[in-house]
Amino acid sequence: MNGLNRQAVYHKANSAYAYMKDAQTMCLTLRTAHDVESVVLLTDHPDGWVKDEKSYYWKKTKIGMKKIYQTALYIYWQVEHHPSNHQMRYGFLLEAEQESLLYIERGWFSPEDHFIENDINSYFAFPYMHESEVIQAPSWVNETIWYQVMPDRFYDPGNLSWGSSKHFGQYDFHGGTLDGIREKLPYLKNLGISGIYLTPIFKSPTAHKYDTEDYMEIDPHFGTKESFKSLVDAAHALGIRVLLDGVFNHIGDQSVFFQDVLKHGEQSIYKDWFYIEQFPLEDSEDTRIVDHYRHFTPNMPKLNTINKEVQTYLIKVALYWIEEYNIDGWRLDVANEIDHAFLRILRTRLKDVRPDCYIMGEIWHHADAWLQGDQLDGVMNYPLGKPILEWIAANRLSTFEFQEQFVQALLQYSENVNRGMLTLLDSHDAPRLYEYADYDREKTALCLVMLYLLPGSICLYYGTEIGIDGREDPTNRKPMQWAKEFSIDFKDLIKRLSSLRRSNLALFTGNQFEFLEVREDLLILKKETKTQALYLLINQSQKPQCIEITELKNRKGRDLLEQQSILIGDEVVLASASYKIYKFENKQNKMVTKY
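This one's a predicted model, so the numbers in the text were calculated from it and none came from an experiment.

Q: Explanation requested: the overall build of the chain in the structure shown.
A: Scanning the chain from N- to C-terminus turns up 13 helices and 30 strands. Its C-alpha atoms give the chain a radius of gyration of 27 Å, within 12% of the compact-globule value 25 Å for 595 residues. Among the 595 residues that make up the chain, the fraction classed as buried is 57%. For the chain, long-range pairs separated by at least 24 residues make up 68% of all intrachain contacts whose partners lie at least 6 apart in sequence. Carbon and sulfur atoms form 46% of the exposed surface of the chain, whose accessible area is close to 25,600 Å².

Below you can see the structure in the form of structure tokens.
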């Protein structure tokens, strides 16, 4: 007789699978295989330890858990609980057809094991619910639609031949300026943009500026401090936030600090600002010996952020642009290579001055270690965008594989953490969306639709709205086109999606997705609040499909993209390779939940 599939079961205390949503609410998740029919949470009863005729025993409360996702491989169960004394010990009672088991931190036990039922220290634990430990990004982040700009490639109002150059390398300057960005703010506002993320603007010898020479000066190619102040003030007047790119993992080799090390060697007062493996750093012919120091690239030596002087300098930089120019936050380049201790100090100092400043890091992999509420508010959430890109744009994943990967990416962080994320589909470090979709308009549009339905903030890369192409660096860093008319134009769609997201914020940015139908060529997703429900219907096949959605029969709703009222009959007819977004009012006092 086969027993319950224990290998598929996963839970971890004090993680995205067990966290505080707020000061009173715990959210617990358990993953199982499909053989599990029900899961019950066993946890402290308000009575605590109770005396019976013989001795004391640990009294427990039983709470049924709900299926929130069912993929090809797993079932995910979840429950929210309000511990009466702000602390929890807990386990899970799993019921399968042929076996019932108790799963606790120590492992697997029989539900009839009377010794283990009172062995409280063998259960999972959340020792105490401190309100100060509830993870919360600034509230405005979840509402923000970012637009990433590379200043050199965006706009120069004084250049009549702007955008004509076909050279895009790091030393190919196109002449974009901060004044050019300021001039285009009304255009961005009209798109529905509420935040601009600027790649580095500080003095450096390259066009991309990731090899910073001086963090305290605006690069003269871009303008002056006065022009930057004018840009920030103008953006704020339009309700647009400003996020700067802080390259604190490394610095340019033309900086005064590294030049001093090159000149004075072991006698340099800045030698400990860097990771010097051995001297000299140059041979007798002044050729750099690149394996004698650590670097991101040879012209970007790595900063030693454990060094107190480096910490003081970088904190001074970060505070300067917040206090003097009123920026709204920092995107930290290569944040996963900066030591955790410095990030904790940096966060404390920034939040002391500006509690609602946004600290977001470039981390491409699982970033839980940086998202405990003591370092970053969020990261560039490439993993949540990847399944969308590879299912829709690249056609690499089946619908079932998409569901598996999407759910895994969504659940690898708590709902609180997801609200602080910046999710994107393309950037200066990734292929452009339109080219990744093989120049397919409908695929590109559908990718954008799904991006707008994700929790947290979302980000568009400049030029996505007009289908600029490009694969790897540097072709993905082409200049924005302003004078040229494009046959490919997603601006109207982006405007519409931005408006819908703003006016239906809780619905669009909610963390829960319900998969009503998953087939090889069909997907029906549902998101809902207590009062409204949103349905995304996607037909990937090359023929029309008739879809029956029982809970929508004979109900009036609204087609959000077509901006018209609808009445659903017995079936919904979806044209080939098409999608729809419908919104319905939820029936009062009734929450529809399907698994």
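Q: Which parts of the structure should I look at to understand the packing of helix H7 (residues 382-393) against helix H11 (residues 441-451)?
A: Describing two packed helices takes the angle between their axes plus the distance from one axis to the other. Taken N-terminus to C-terminus, the directions of H7 and H11 make an angle of 155°; their axes are 10 Å apart at the nearest point. Looking at the two axes, H7 sits roughly antiparallel to H11. When you trace H7 past H11, the crossing you get is right-handed. Of the residues in H11, those in contact with Ile-388, Trp-391, Ile-392 and Ala-393 of H7 are Lys-443, Leu-446, Cys-447 and Met-450. Among the residues making up the contact of H7 with H11, the classes are represented as 7 nonpolar, no polar and 1 charged.

Q: Could you clarify how one ought to interpret the environment of Leu-451 in this entry?
A: Structurally, Leu-451 can be placed in helix H11. Considering only alpha carbons, one finds Leu-451 and Leu-389, 62 residues apart in sequence, at a separation of 10.0 Å. With sequence-adjacent residues up to four places away left out, Leu-451 is seen in contact with Thr-423, Leu-424, Leu-425, Ile-458, Cys-459, Leu-460 and Arg-501.

Q: I'm lost on the state of the cysteines in this one. Help?
A: Note: disulfide means a covalent bond formed between the sulfur atoms of two cysteine side chains. Applying the stated criterion across every chain, the model contains 0 disulfides. Left without a disulfide partner, Cys-447 is nearest to the cysteine sulfur of Cys-459, which lies 15 Å away.

Q: Would you explain the nonpolar core in this entry?
A: Ranked by size, the top nonpolar core spans 130 residues in total, and within it Phe-228, Trp-321 and Trp-330 carry the most contacts. In terms of residue count, the dominant contributor to this core is helix H5 (residues 308-325) (11 residues). Of all hydrophobic cores here, the second largest spans 27 residues; its members include Ala-13, Tyr-90, Leu-101 and Tyr-103.

Q: Looking at this structure, I do not really get the environment of Phe-222. What am I missing?
A: Residue placement: Phe-222 occurs in the loop between strand S14 (214-218) and helix H3 (225-237). Taking relative accessible area as the criterion, Phe-222 reaches 2% and is therefore assigned buried. In the structure, Phe-222 is positioned 45 residues away from Thr-177 in sequence and 4.2 Å away in space, judged by C-alpha atoms. If we ignore the near neighbours within four places in the chain, the residues touching Phe-222 are Pro-151, Asp-152, Gly-176, Thr-177, Leu-178, Pro-200, Ile-201, Ala-207, Lys-209 and Ser-227.

Q: Whenever I open this one, the sheet that holds strand S23 (residues 514-519) confuses me. Can you help?
A: The strand order across the open sheet formed by 6 strands is S23-S24-S25-S30-S27-S28, and the pairing between neighbours is antiparallel. The open sheet has two edge strands, S23 and strand S28 (564-567), and neither has a second partner. Along the sheet, successive strands turn relative to each other by an average axial angle of 25°, direction set aside. The pairing of strand S25 (residues 532-539) with strand S30 (residues 578-585) spans 8 bridges and is antiparallel. Directly across from Asn-539, in S30, lies its bridge partner Ser-578. Helix-sheet contacts for H11 involve strand S24 (522-528), S25 and S30, and the interaxial angle to S30 is about 30°.

Q: Sorry, what's going on with the environment of Ile-566 here?
A: Here Ile-566 shows up in strand S28. Residue Ile-566 is classed as buried on the basis of its relative accessible area, which comes to 15%. Spatially, the C-alpha atom of Ile-566 lies 8.6 Å from that of Tyr-582, the residues being 16 residues apart in sequence. Apart from residues lying up to four places away in sequence, Ile-566 is in contact with Arg-555, Lys-556, Gly-557, Arg-558, Asp-559, Tyr-582 and Phe-584.

Q: Help me out: how do you make sense of the side chain of Glu-390 in this one?
A: Summarising the element assignment, Glu-390 is placed in helix H7. Leaving out residues up to four positions away in the same chain, Glu-390 has contacts with Asn-395, Arg-396, Leu-397 and Tyr-436.

Q: Where do I start with the confidence of the model for the chain in this structure?
A: Low pLDDT marks regions whose predicted coordinates should not be analysed in detail. Summing up the model confidence of the chain, the mean pLDDT is 96 and the portion of residues at 70 or higher is 98%. Confidence drops under pLDDT 50 across residues 589-595; counting only partners more than four residues distant or on other chains, this segment forms 14 contacts.

Q: In this structure, what is going on with helix H12 (residues 491-503)? I would like to understand it.
A: One full turn of an α-helix is made of 3.6 residues, so residues set three or four places apart face in the same direction. With 13 residues, H12 should reach 18 Å at 1.5 Å per residue; the first-to-last C-alpha distance of 18 Å fits that figure. Every buried residue belonging to H12 is among Leu-493, Ile-494, Arg-496, Leu-497, Ser-498, Leu-500 and Arg-501, and all of these are buried.

Q: Explain helix H8 (residues 399-411) here, please?
A: Relative to the 18 Å expected for 13 residues at 1.5 Å per residue, H8 spans 18 Å between its end C-alpha atoms, a close match to the ideal helical length. Of the residues making up H8, those classed as buried are Thr-399, Phe-402, Gln-403, Glu-404, Phe-406, Val-407, Ala-409, Leu-410 and Leu-411.

Q: Got a minute to help me understand the pairing of S28 in this structure?
A: Remark: a regular strand shows side chains that alternate across the two faces of the sheet. Looking at chain direction, strand S27 (residues 556-559) and S28 are connected through 4 bridges and run antiparallel. Bridge assignment links Asp-559 to a residue of S28, and that residue is Gln-564. Hairpin remark: S27 followed by S28, antiparallel, with 4 residues in the connecting loop; positive phi at Gln-563, about 60°.

Q: I would appreciate a short explanation of the sheet that holds strand S5 (residues 66-70) in the present structure.
A: Across the sheet, 4 strands lie side by side as S1-S2-S6-S5; this open sheet has antiparallel pairing. Looking at strand neighbours, the two that pair on one side only are strand S1 (18-20) and S5, the edges of this open sheet. Direction aside, the axes of adjacent strands within the sheet are offset by 25° on average. One ladder, built from 7 bridges, connects strand S2 (residues 26-32) with strand S6 (residues 75-81); its direction is antiparallel. The residue of S6 that forms the bridge with Thr-32 is Ile-75. Across the sheet, H8 touches S5 and S6, and the angle it forms with S5 is around 130°.

Q: Looking at this structure, I do not really get the pattern of salt bridges. What am I missing?
A: If the charged atoms of two oppositely charged side chains come close together, the side chains can form a pair. In total, this model carries 32 salt bridges according to the counting rule given. The salt bridge involving Arg-153 is made with Asp-152; its shortest N-O contact spans 2.8 Å. On the basis of relative accessibility, which here comes to 2%, the residue Asp-152 falls in the buried class. In this structure, Asp-253 engages Arg-288 in a salt bridge whose closest nitrogen and oxygen atoms are separated by 3.2 Å. In this pair, Asp-253 is assigned in the loop between strand S15 (241-246) and helix H4 (256-264) and Arg-288 in the loop between H4 and strand S16 (295-297), connecting sequence segments 35 residues apart.

About the thresholds
- Residues numbered from 1 in each chain as written.
- Predicted model: local features only at pLDDT ≥ 70, side-chain atom pairs only at ≥ 80, totals over all residues.
- Heavy atoms only, no water.
- Helix = DSSP H or I, 4+ residues; strand = E, 2+ residues; numbered from the N terminus.
- Rg over C-alpha atoms; globule rule 2.2 N^0.38 Å.
- Buried < 20%, exposed > 50% of the residue type's maximum accessible area, 1.4 Å probe, protein only.
- Contact = heavy atoms within 4.5 Å.
- Areas by Shrake-Rupley, 256 points an atom, 1.4 Å probe, with all protein chains shown as cover.
- Axes fitted to C-alpha atoms, helices over the stretch in contact; angles between N-to-C directions.
- Parallel < 35°, antiparallel > 145°, perpendicular 65-115°, else oblique.
- Left-handed = near helix turned anticlockwise from the far one by under 90°.
- Nonpolar A, V, L, I, M, F, W, Y, C, P; charged D, E, K, R; others polar.
- Disulfide = S-S within 2.5 Å.
- Core = buried A, V, L, I, M, F, W, Y, C linked by side-chain atoms within 4.5 Å.
- Pairing = 2+ DSSP bridges.
- pLDDT = per-residue confidence, 0-100.
- Expected span 1.5 Å × (residues − 1).
- Salt bridge = Lys/Arg side-chain N within 4 Å of Asp/Glu carboxyl O.

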